[in-house]
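Summary of the model geometry
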Amino acid sequence: MKNRRISQIFVRHSSTDERRRCALCGKVVTNVRNHYYVHFPGKYACTKCPAVYTRSDTLLSHQRTKHGQYP
């Protein structure tokens, strides 16, 4: 299920606007990328708190600012 592409999950709501319907939950959204991460969160998790990120550099920035960790 996680290998699905964004274009496979979202269907155009109407031909006149940019809103799309999520095939997983039925919600109509305008920002499909943000809604995609609701169902498939990132894979970079902080070891000190429950924060999860989609990019390793964002996790590193979080660890530096919130926990004072430096590599």
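Position numbers for residues start from 1 in each chain and track the written sequence from start to end. Restriction of local features to residues with pLDDT of at least 70 applies here, the model being predicted, together with a cutoff of 80 or more for giving and counting side-chain atom pairs; totals for whole chains, interfaces and linings are based on all residues. To obtain the side-chain values, all non-hydrogen atoms of the structure were used and water was disregarded.

A word on the side chain of His35. Helix numbering and strand numbering both begin at the N terminus, where a helix is a DSSP run of H or I of at least 4 residues and a strand a DSSP run of E of at least 2. Inspection of the secondary structure puts His35 in helix 2 (residues 32–39). The buried label applies to any residue whose accessible area, calculated with a 1.4 Å probe on protein chains only, is under 20% of its type's maximum; exposed applies above 50%, and partly exposed to all values in between. We classify His35 as buried; its relative accessible area is 8%. At 3.3 Å, the side chain of His35 and the side chain of His39 are in polar contact. The criterion used for residue contact is that any of the two residues' heavy atoms lie within 4.5 Å. When neighbours within four sequence positions are excluded, His35 is seen to be in contact with Phe10, Cys22, Cys25, Lys27 and Val29. Between N or O atoms, a polar contact is any pair within 3.5 Å; within protein, one atom must be a potential hydrogen donor and the other a potential acceptor, and residues adjacent in sequence are included only when both atoms are from side chains.

Before going further, it helps to examine the side chain of Gln63. Among the secondary structure elements, Gln63 is positioned in helix 3 (residues 56–67). For Gln63, the contacting residues outside a window of four places in its chain are Cys46, Gly68 and Gln69.

Here we take up the pattern of salt bridges. One side chain can pair with another of opposite charge once the charged atoms of both are near each other. By definition, a salt bridge exists where a carboxyl oxygen of Asp or Glu is found within 4 Å of a side-chain nitrogen of Lys or Arg. Inspection of every chain in the model, using the stated rule, returns three salt bridges. For Arg55, the salt bridge identified is with Asp57, shortest N-O distance 2.5 Å. For Arg55, a relative accessible area of 48% translates into the label partly exposed.

Position of His67 relative to the elements: it lies in helix 3. Taking the C-alpha atoms as reference points, His67 and Cys49, 18 residues apart in sequence, are found 9.3 Å from one another. Here His67 is in contact with Cys46, Lys48, Cys49 and His62, once residues within four sequence places are set aside. Engagement of the side chain of His67 in a polar contact is seen with the side chain of His62, the distance being 3.3 Å.

With that settled, consider the state of the cysteines. Pairs of cysteine sulfur atoms within 2.5 Å are what we label disulfides. Applying the stated criterion to the full structure yields zero disulfides. Left unpaired, Cys22 is separated from the closest cysteine sulfur, that of Cys25, by 3.8 Å.

All right, on to the sheet that holds strand 1 (residues 10–12) then. A sheet is described by the order of its strands in space; here three strands give the open sequence 1-2-3, paired in antiparallel fashion. Each of the sheet's edge strands pairs with one partner strand only, and the pair in question is strand 1 and strand 3 (28–29). Here, a strand pair is defined by DSSP locating no fewer than two bridges between the strands. Note that strand 1 and strand 2 (residues 20–22) share three bridges and pair antiparallel. What sits directly across from Arg12, in strand 2, is Arg20.

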